[in-house]
Amino acid sequence: MTDPDATFRNRYLAFTATRIAGSAGALLGLVLIARADAPLPKIIGTALVLSALLMIAIVPRALAKRWRSPPAE
């Protein structure tokens, strides 16, 4: 059996890393949108921002649902 504190720490780090990666992706997309002159890089930047925001919103909830402890009986 693993240590509960280590498990909690690892899961917390996974949540935090997901949010940081999503924020970095959104920031990269915004930079791409701001510096692009052609329409294709702006479309790619917009898609990157939207996918990063979805990642920030959906992935932590999915991980929490997956790691939820079973109800005590």
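So, how was this worked out
Residues numbered from 1 in each chain as written. Predicted model: local features only at pLDDT ≥ 70, side-chain atom pairs only at ≥ 80, totals over all residues. Heavy atoms only, no water. Axes fitted to C-alpha atoms, helices over the stretch in contact; angles between N-to-C directions. Helix = DSSP H or I, 4+ residues; strand = E, 2+ residues; numbered from the N terminus. Parallel < 35°, antiparallel > 145°, perpendicular 65-115°, else oblique. Nonpolar A, V, L, I, M, F, W, Y, C, P; charged D, E, K, R; others polar. Expected span 1.5 Å × (residues − 1). Buried < 20%, exposed > 50% of the residue type's maximum accessible area, 1.4 Å probe, protein only. Contact = heavy atoms within 4.5 Å. Patch = residues over 30% accessible without salt bridge, like charges linked within 9 Å, V, L, I, M, F, W, Y side chains within 5 Å. Areas by Shrake-Rupley, 256 points an atom, 1.4 Å probe, with all protein chains shown as cover. Salt bridge = Lys/Arg side-chain N within 4 Å of Asp/Glu carboxyl O. Phe/Tyr/Trp six-rings, centres within 6.5 Å; stacked < 30°, edge-to-face > 60°. Bend = angle between axes of the 7 residues up to and from the residue.

(A) Spotlight on the packing of helix α1 (residues 4–35) against helix α2 (residues 39–67). Where α1 contacts α2, the axes come no closer than 7 Å and their chain directions differ by 170 degrees. The orientation of α1 with respect to α2, classified from their angle, is roughly antiparallel. Considered class by class, the residues forming the contact of α1 with α2 number 20 nonpolar, seven polar and three charged.

(B) Main features of α1. A rise of 1.5 Å per residue sets the reference length of α1, with its 32 residues, at 46 Å; its end C-alpha atoms lie 47 Å apart and thus fit the reference within 8%. Those residues of α1 not exposed but buried are F15, T18, G22, G25, A26 and G29. Looking at the buried positions of α1, the neighbouring elements they touch are α2.

(C) Structural context of a nonpolar patch on the surface. Taken together, the side chains of F8, Y12 and L13 define a hydrophobic patch exposed on the protein surface, amounting to about 370 Å² of accessible area. In this fold, F8 is placed in helix α1.

(D) Expanded view of the packing of aromatic side chains. One pass over the structure, following the stated rule, counts one aromatic pair. For the pair F15 and W67, a centre-to-centre distance of 5.8 Å together with 75 degrees between the ring planes defines the contact as edge-to-face. Here W67 lies in helix α2 and F15 lies in helix α1, a separation of 52 residues in the sequence.

(E) Spatial organisation of α2. Over its 29 residues, α2 runs 42 Å from end to end, which matches the ideal 42 Å to within 8%, given 1.5 Å per residue. When the local axis directions of α2 are compared, the greatest deviation, roughly 30 degrees, occurs at M55. The set of residues buried in α2 consists of G45, V49, A52, P60 and L63. Lining the buried residues of α2 we find α1.

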